[in-house]
Amino acid sequence: MFGKQEIKSFLEEKNIPFEWVEHKAVYTIEEMEELGLESMDEIAKNLFLRDQKGKRHFLVVIRADKQANLKELGEKLGVGKLSFASEERLEKYMGLKKGAVSPLGILNDENCAVEVFFDEDFTKMPRIGVHPNENTASVYLSPEDLLRVIREHGNELEIVSFA
């Protein structure tokens, strides 16, 4: 199971450059903003969603300053009605707790069941900030490195444009 320390070790072993920032536990983007980090425009908002039947699960990674309309998002992604997945599903599929949703949680998805939709805006930025599977730190790395980690793990990944 990849927790905070395992993520740090993983990045070091893969020779992926990163910046690590420890902070108090945060559960929302608003609480992240209150930390006063200089790089809020690089912070990802991560939504763990499921389809209406609960058979498909999705991780949507968008810029923190964007809003996600679940109805429009479901239509855009071609999956119909979406809703937030339960904490139980988050634990089962990504090994994460509420408030710690992160694209790095994909490393805990042994069956590669979670489909990842990644905001195209991040591909134009030098780095992205995400939790290292716990909400008491943020790790900044290049979007290219993060996308490579997801692809190498084997999860479906699609880069999409969010208004």
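Anyway, here's the lowdown on the structure attached to this text. (Residues numbered from 1 in each chain as written. Predicted model: local features only at pLDDT ≥ 70, side-chain atom pairs only at ≥ 80, totals over all residues. Heavy atoms only, no water.)

What about the overall build of the protein chain?
Turning to step 1, where the next piece is worked out: Scanning the protein chain for helices and strands turns up five helices and eight strands.
Turning to step 2, where the next piece is worked out: Secondary structure elements of the protein chain occur, N-terminal to C-terminal, as α-β-α-β-β-α-β-α-β-β-β-α-β.
Turning to step 3, where the next piece is worked out: In terms of overall size, the protein chain behaves like a compact globule, its C-alpha atoms giving a radius of gyration of 15 Å where 163 residues would be expected to give roughly 15 Å.
Turning to step 4, where the next piece is worked out: The C-alpha extent of the protein chain, read off along each of the three principal axes, is 40 × 30 × 30 Å. (Helix = DSSP H or I, 4+ residues; strand = E, 2+ residues; numbered from the N terminus. Rg over C-alpha atoms; globule rule 2.2 N^0.38 Å.)

Focus on helix 1 (residues 4-13)
Turning to step 1, where the next piece is worked out: Where helix 1 is concerned, the buried positions are Lys4, Ile7, Phe10 and Leu11. All buried residues of helix 1 lie within an arc of 125° about the axis, which places them on one face of the element.
Turning to step 2, where the next piece is worked out: In this structure, the buried side of helix 1 is in contact with strand 1 (19-22), strand 7 (137-141) and helix 5 (143-153).
Turning to step 3, where the next piece is worked out: Positive backbone phi, approximately 55°, marks Asn15, located one or two places after helix 1. (Buried < 20%, exposed > 50% of the residue type's maximum accessible area, 1.4 Å probe, protein only. Arc of directions from axis to C-beta. Contact = heavy atoms within 4.5 Å.)

Observations concerning the pattern of salt bridges
Turning to step 1, where the next piece is worked out: Scanning the entire structure with this criterion turns up twelve salt bridges.
Turning to step 2, where the next piece is worked out: In this structure, Lys4 engages Glu22 in a salt bridge whose closest nitrogen and oxygen atoms are separated by 2.9 Å. Of this pair, Lys4 sits in helix 1 while Glu22 sits in strand 1, and the two are 18 residues apart along the sequence.
Turning to step 3, where the next piece is worked out: Overall, the relative accessible area of 46% leaves Glu22 in the partly exposed class.
Turning to step 4, where the next piece is worked out: Here Asp145 ties to Arg148 by a salt bridge, and the two come within 2.6 Å at their closest N and O atoms. One end of the pair is Asp145 and the other is Arg148, both in helix 5 and three residues apart, which spans about a single turn.
Turning to step 5, where the next piece is worked out: In the salt-bridge network here, residues are joined through shared partners; they are Arg63, Asp65, Lys66, Asp119 and Asp121. (Salt bridge = Lys/Arg side-chain N within 4 Å of Asp/Glu carboxyl O.)

Some words on the environment of Lys66
Turning to step 1, where the next piece is worked out: Along the chain, the position of Lys66 falls in the loop between strand 3 (57-63) and helix 3 (70-77).
Turning to step 2, where the next piece is worked out: Given a relative accessible area of 8%, Lys66 falls into the buried group.
Turning to step 3, where the next piece is worked out: Expressed as a C-alpha distance, the spacing of Lys66 and Ala163, which sit 97 residues apart in the sequence, is 7.6 Å.
Turning to step 4, where the next piece is worked out: Apart from the residues lying within four places of it in its own chain, the contact partners of Lys66 are Lys45, Asp119, Asp121, Phe162 and Ala163.
Turning to step 5, where the next piece is worked out: Looking at Lys66, its side chain comes within polar contact range of the main-chain oxygen of Phe162, at 2.6 Å. (Polar contact = N/O pair within 3.5 Å; in protein donor to acceptor, adjacent residues only side chain to side chain.)

Considerations on the packing of aromatic side chains
Turning to step 1, where the next piece is worked out: Using the criterion set out here, one finds four aromatic pairs in the structure.
Turning to step 2, where the next piece is worked out: For the ring pair Phe2 and Phe10, a centre distance of 5.6 Å and an interplane angle of 90° mean the geometry is edge-to-face.
Turning to step 3, where the next piece is worked out: Here Phe118 and Phe122 contribute two aromatic rings whose centre-to-centre distance is 5.7 Å and whose plane-to-plane angle is 50°, an arrangement assigned as tilted.
Turning to step 4, where the next piece is worked out: Geometry around Trp20 places Lys8 over its ring, the cationic atom sitting 4.7 Å from the centre. (Phe/Tyr/Trp six-rings, centres within 6.5 Å; stacked < 30°, edge-to-face > 60°. Lys NZ or Arg CZ within 6 Å of the ring centre and 35° of its normal.)

Examining the side chain of Glu115
Turning to step 1, where the next piece is worked out: With respect to the helices, strands and loops of the structure, Glu115 is situated in strand 5 (residues 114-119).
Turning to step 2, where the next piece is worked out: Among the residues examined, Glu115 registers a relative accessible area of 11% and is labelled buried.
Turning to step 3, where the next piece is worked out: A polar contact of 2.8 Å, which involves the side chain of Glu115, links it to the side chain of Arg56.
Turning to step 4, where the next piece is worked out: The contact partners of Glu115, leaving out residues within four places of it in the chain, are Arg56, His57, Phe58, Leu59 and Glu156.

Things to note about unusual backbone geometry
Turning to step 1, where the next piece is worked out: Non-glycine residue Asn15 carries a positive phi angle of around 55°.
Turning to step 2, where the next piece is worked out: Positive phi is not limited to glycine here, since Asn133 has a value of about 70°.
Turning to step 3, where the next piece is worked out: Assessed through its relative accessible area of 5%, Asn133 is described here as buried.

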